[in-house]
Amino acid sequence: MATVSLKAVDRVEILSVMDNSIDVLMGNTPVAKRHKRGSNAHARPQLRAEHGVSMLVTTYSGGTKDSFLFDTGVTVDGVLHNMDVLDIKGNELHAVVLSHGHTDHTRGLLGFIKRYGRPRVPIVLHPDAYLKRKNVQGDGHESEHIPPSKKDLEGEDVQIIEERGPTMLIGGSALVTGQIPRTTPFEKGSPNQVALIDGQWQPDPWIHDDQAIVINVKDKGLVVLTGCGHAGVVNTLKYARDMTGVNQIHAVIGGFHLTGPIFEPIIQPTVQALKQFNPSVIVPQHCTGWKATHLIAREFPDAFTPNSVGTTMVIGA
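Read on for an overview of the structure. (Residues numbered from 1 in each chain as written. Predicted model: local features only at pLDDT ≥ 70, side-chain atom pairs only at ≥ 80, totals over all residues. Heavy atoms only, no water.)

**Some words on the overall build of the protein**
Regarding its fold elements, the protein presents 7 helices and 19 strands. Its C-alpha atoms give the protein a radius of gyration of 18 Å, near enough to 20 Å, the size a compact globule of 317 residues would have. Dimensions of the protein, computed from the C-alpha atoms along their principal axes, are close to 55 × 45 × 45 Å. Taken over 317 residues, the protein has a buried fraction of 55%. Restricting the contact set of the protein to residue pairs at least 6 apart, pairs at least 24 apart contribute 77%. For the protein, the computed accessible surface area is about 13,700 Å², with 50% contributed by carbon and sulfur atoms. (Helix = DSSP H or I, 4+ residues; strand = E, 2+ residues; numbered from the N terminus. Rg over C-alpha atoms; globule rule 2.2 N^0.38 Å. Buried < 20%, exposed > 50% of the residue type's maximum accessible area, 1.4 Å probe, protein only. Contact = heavy atoms within 4.5 Å. Areas by Shrake-Rupley, 256 points an atom, 1.4 Å probe, with all protein chains shown as cover.)

**Side note on the packing of aromatic side chains**
Applying the stated criterion to the full structure yields 1 aromatic pair. A cation over a ring is seen here: Arg11 above Tyr60, with NZ or CZ 3.9 Å from the ring centre. (Phe/Tyr/Trp six-rings, centres within 6.5 Å; stacked < 30°, edge-to-face > 60°. Lys NZ or Arg CZ within 6 Å of the ring centre and 35° of its normal.)

**Observations concerning the environment of Ile146**
Topologically, Ile146 is positioned in the loop between β9 (142-145) and α4 (150-155). Between the C-alpha atom of Ile146 and that of Lys220, which follows or precedes it by 74 residues, the distance is 38 Å. Not counting residues up to four positions away in its chain, the partners in contact with Ile146 are Gly101, Thr103, Thr106 and Arg107.

**So, the sheet that holds β9**
With antiparallel pairing, 4 strands are arranged side by side in an open sheet as β9-β8-β13-β14. Because the sheet does not close on itself, it has two edges, and the strands there are β9 and β14 (200-203). Along the sheet, successive strands turn relative to each other by an average axial angle of 30°, direction set aside. Pairing analysis gives 3 bridges linking strand β8 (residues 133-136) to strand β13 (residues 193-197), with the strands arranged antiparallel. (Pairing = 2+ DSSP bridges. Axes fitted to C-alpha atoms, helices over the stretch in contact; angles between N-to-C directions.)

**Some points on unusual backbone geometry**
Its identity as a non-glycine residue notwithstanding, Ile170 has a phi of 50°, on the positive side. By the element assignment, Ile170 lies in the loop between β11 (167-169) and β12 (174-176). The phi dihedral of His286 is positive, around 50°, even though this residue is not glycine. Note on placement: His286 falls in the loop between β18 (281-285) and α7 (290-299).

**Observations regarding a nonpolar patch on the surface**
A surface patch of nonpolar side chains, amounting to about 290 Å² of accessible area, comprises Ile22, Val24 and Leu25. Here Val24 shows up in the loop between β2 (11-18) and β3 (32-33). (Patch = residues over 30% accessible without salt bridge, like charges linked within 9 Å, V, L, I, M, F, W, Y side chains within 5 Å. Salt bridge = Lys/Arg side-chain N within 4 Å of Asp/Glu carboxyl O.)

**Things to note about the pattern of salt bridges**
The tally for this structure, following the rule as stated, stands at 13 salt bridges. For Glu156, the salt bridge identified is with Lys114, shortest N-O distance 2.9 Å. Here the residue Glu156 occupies a position in the loop between α4 and β10 (160-162), and Lys114 occupies one in helix α3 (residues 108-116), the gap between them amounting to 42 residues. Accessibility expressed as a relative area gives 65% for Lys114, which makes it exposed. Among the salt bridges present, the one from Lys134 reaches Glu142, with a minimum N-O distance of 3.1 Å. Among the charged side chains, a network of salt bridges with common partners joins Arg133, Asp204 and Asp209.

**Observations regarding empty space enclosed by the protein**
If you walk through the whole model with that rule in mind, you get 1 cavity of 30 Å³ or more. Looking at the largest cavity, its volume works out to about 80 Å³. Taken together, Ile22, Asp23, Val24, Met26, Arg34, His35, Arg37, Leu47, Ser308, Val309, Gly310 and Thr311 make up the lining of the largest cavity. (1 Å grid on protein atoms, 1.4 Å probe; cavity = no way out; pocket = protein on both sides within 12 Å on 5 of 7 lines; lining within 4 Å. Points joined across faces, edges and corners; volume = space filled by probe spheres on them.)

**A closer look at the nonpolar core**
A general tendency of soluble globular proteins is for nonpolar side chains to be buried together. Within the largest apolar cluster, 30 residues are counted, with the highest numbers of intra-cluster contacts made by Val224, Leu237 and Ile282. Elements with a minimum of two residues in this core: β16 (221-226), α5 (233-244), β17 (249-255), α6 (267-277) and α7. With 6 residues, α5 is the single largest residue contributor to this core. When sequence neighbours within four positions are dropped, the list of residues in contact with Ile282 reads Val252, Phe256, Leu274, Ile296, Phe300, Ala303, Phe304 and Thr305. Counting 28 residues, the second largest nonpolar core, distinct from the first, contains Met55, Phe68, Ala174 and Ile253. (Core = buried A, V, L, I, M, F, W, Y, C linked by side-chain atoms within 4.5 Å.)

As structure tokens, then:
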């Protein structure tokens, strides 16, 4: 396949604005810089954790600094609250990128737009992110995903960038992968998911709107960010290398979707496949799950870094 020209940056910082867990007592590591708590920490608003994801991605290159938000969490106000605690100014962002249309990654967009819709901050997403979806369990229990509404977004007059293919941000320094090919035999998507397509509920296991962020850091290699990794973390890393022509995966950060009875059987092959990429930094978040996270910690003792809301992963000079 033809490669894209991804400019290398001097440094990238990935601030965890929202994740499933928080531990305010975690210590710093060479990569992870934990949120500092002042002497009056308990008198101030506290960071929240929820079943959702949001990352502030900031690149530094040649004295230039640019930031964008990757996903917006599961509640309308959760990410906004944490942005306030972390002193993040939403109207200074380059863009908001949605990894896919599931509620735990998009619901905070409502609150964000109400506050920051003007001046216009572009929203980058795959067109399938608008699909209404639900999971149907074997016992018949259903759980619905509430997607972003295109009509509501257009009504707020925000700039929408819909792409099935790749999108470049920050002057070619950050790549949104677009739709990721599914080539790994054991990464088979979500078999219990259906979507409302052409007025009928139809099987939708592949979640084609799932996309990742790829950044090339000088003298390090690729930093790959996933929201849930529904495309499969192995598929995602393969595609990142193929698209950019850069072989070294330096860091992989985000949700790997390896929790629950459907996905736990692929934990072992996933971890074994990750060894072939030999990442220097691996930060499982959100839907990776307890079992997979512990195995990753054992199999990657030097690369594994636990996350906490408010932590900034710093990669590069």
